[in-house]
Amino acid sequence: MKKRCSRCKKLFLTIAFGEDSRVPSGLQSRCRKCCAREKIGSYHNMSRTQKDQLFKRIVRYRQRKVNQGICAYCTRPIVKGTQACKRHLHRRRNQMKRRTARLRKRGLCIRCGLRNRLVPFRFCRRCRIAAVEANRQLREEVIRAYGSKCRCCGESGLLFLSIDHVFNDGAEHRRRLKTGQAAGRSVYLWLKKRKFPRRRFQVLCMNCNYAKRLNGGRCPHETDQNTHPRPTWGR
């Protein structure tokens, strides 16, 4: 069955029209493409304040759906720990893969897609600087949430501190996260998303963390205090 669009005057199958329960036919008078063009045009004519208000309404609406266990983009149940269903997660993942491959082939930054990437990195100079700064702020936020001080020796310099897995299961944890090369950032995001759990994680300086690994899971400051005494600031 076919129907003519009241705007472009073209003949389409009824599947090309959206539903409208207010009319006897149950279909909109304009085709989906014409409706989309009208919405895009009205959005571009909005002021900055109107766009911000629209964005806030969309965010609140999607958050209400997620709180009810419904995908933010459809009516299917969400995957635990996300805001979307399996279908939309898979679609988004494929879209990002295609976009990244297209930009890398053209030699463009995979973040902004506007400027040439900085060889051998995947980002342009501006996006790389922004990413480094964002990673630094995220790391400092996580370190401060766990005390900003080595739990063993008392070192408080942020550049010396790191997150340690109390039960020595860091490798298994990173494998479950499927982090690849960005292990630190993925772990920090995981901790922040879960409100910084305390039982399995602590702050250690790099010396204590590495020595703990070589000493079978316990820092030498604990197992052999005569040979490896704690520094004076940790006493």
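Residues numbered from 1 in each chain as written. Predicted model: local features only at pLDDT ≥ 70, side-chain atom pairs only at ≥ 80, totals over all residues. Heavy atoms only, no water.

Once that is clear, we can look at the layout of surface pockets. The volume enclosed by the second largest pocket comes to roughly 560 Å³. What lines the second largest pocket is a set of 19 residues, and nearest its centre among them are Ile163, Asp164, His165, Arg174 and Asn209. At the level of elements, strand E5 (161-165), helix H5 (170-177), helix H6 (183-193) and helix H7 (206-214) are the ones that each hand at least two residues to the lining of the second largest pocket. By residue number, the principal contributor to the lining of the second largest pocket is H7, which donates 5 residues. Per-class residue counts for the lining of the second largest pocket are 7 nonpolar, 7 polar and 5 charged. (1 Å grid on protein atoms, 1.4 Å probe; cavity = no way out; pocket = protein on both sides within 12 Å on 5 of 7 lines; lining within 4 Å. Points joined across faces, edges and corners; volume = space filled by probe spheres on them. Helix = DSSP H or I, 4+ residues; strand = E, 2+ residues; numbered from the N terminus. Nonpolar A, V, L, I, M, F, W, Y, C, P; charged D, E, K, R; others polar.)

In the contact formed by helix H4 (residues 125-145) and H6, the axes pass within 10 Å of each other and the chain directions differ by 50°. Relative to H6, the element H4 lies oblique. The two elements H4 and H6 cross, and the hand of that crossing is left-handed. Counted together, Asn135, Leu138, Arg139, Glu141 and Val142 of H4 and Arg185, Tyr188, Leu189, Leu191 and Lys192 of H6 form the full contact between these two elements. (Axes fitted to C-alpha atoms, helices over the stretch in contact; angles between N-to-C directions. Parallel < 35°, antiparallel > 145°, perpendicular 65-115°, else oblique. Left-handed = near helix turned anticlockwise from the far one by under 90°. Contact = heavy atoms within 4.5 Å.)

Attention now moves to the packing of H5 against H6. For the pair H5 and H6, interaxial distance at closest approach is 10 Å and the crossing angle is 85°. Taken as axis vectors, H5 and H6 run roughly perpendicular relative to one another. Every residue of H6 that contacts H5 at His173, Arg174 and Leu177 is listed here: Ala183, Ser186, Val187 and Trp190. Class assignment of the residues belonging to the contact of H5 with H6 gives a composition of 4 nonpolar, 2 polar and 1 charged.

Summing up the model confidence of the protein chain, the mean pLDDT is 87 and the portion of residues at 70 or higher is 97%. When mean pLDDT is compared element by element in the protein chain, strand E6 (residues 201-205) scores highest at 93, while helix H1 (residues 32-44) scores lowest at 81. (pLDDT = per-residue confidence, 0-100.)

Pairs can form between side chains of opposite charge whenever their charged atoms are close. Applying the stated criterion across every chain yields a total of 11 salt bridges. Glu172 serves as the salt-bridge partner of Arg176, at 3.4 Å between the closest nitrogen and oxygen. One end of the pair is Arg176 and the other is Glu172, both in helix H5 and 4 residues apart, which spans about a single turn. Residue Arg176 is classed as partly exposed on the basis of its relative accessible area of 48%. One salt bridge in this structure joins Arg218 and Glu222, with 3.8 Å as the shortest N-O distance. On the basis of relative accessible area, Arg218 is assigned to the partly exposed category, the value being 46%. Beyond isolated ion pairs, a larger network of salt bridges with shared partners links Glu133, Arg136, Glu140 and Arg144. (Salt bridge = Lys/Arg side-chain N within 4 Å of Asp/Glu carboxyl O. Buried < 20%, exposed > 50% of the residue type's maximum accessible area, 1.4 Å probe, protein only.)

The buried fraction of E5 amounts to 5 of the 5 residues, a majority that puts the element mostly inside the structure. Side chains of E5 alternate between two faces, with Leu161, Ile163 and His165 and Ser162 and Asp164 buried alike. In this structure, E5 lies alongside E6, joined through 5 bridges in antiparallel fashion. Paired with Ser162 across the strands is Leu204, a residue of E6. (Pairing = 2+ DSSP bridges.)

What follows is about the side chain of His221. Mapped onto the elements of the fold, His221 is located in helix H8 (residues 220-223). By relative accessible area, which is 14% here, His221 ends up buried. Setting aside its immediate chain neighbours within four residues, His221 contacts Cys152, Cys153, Cys208, His228, Pro229, Arg230 and Pro231.

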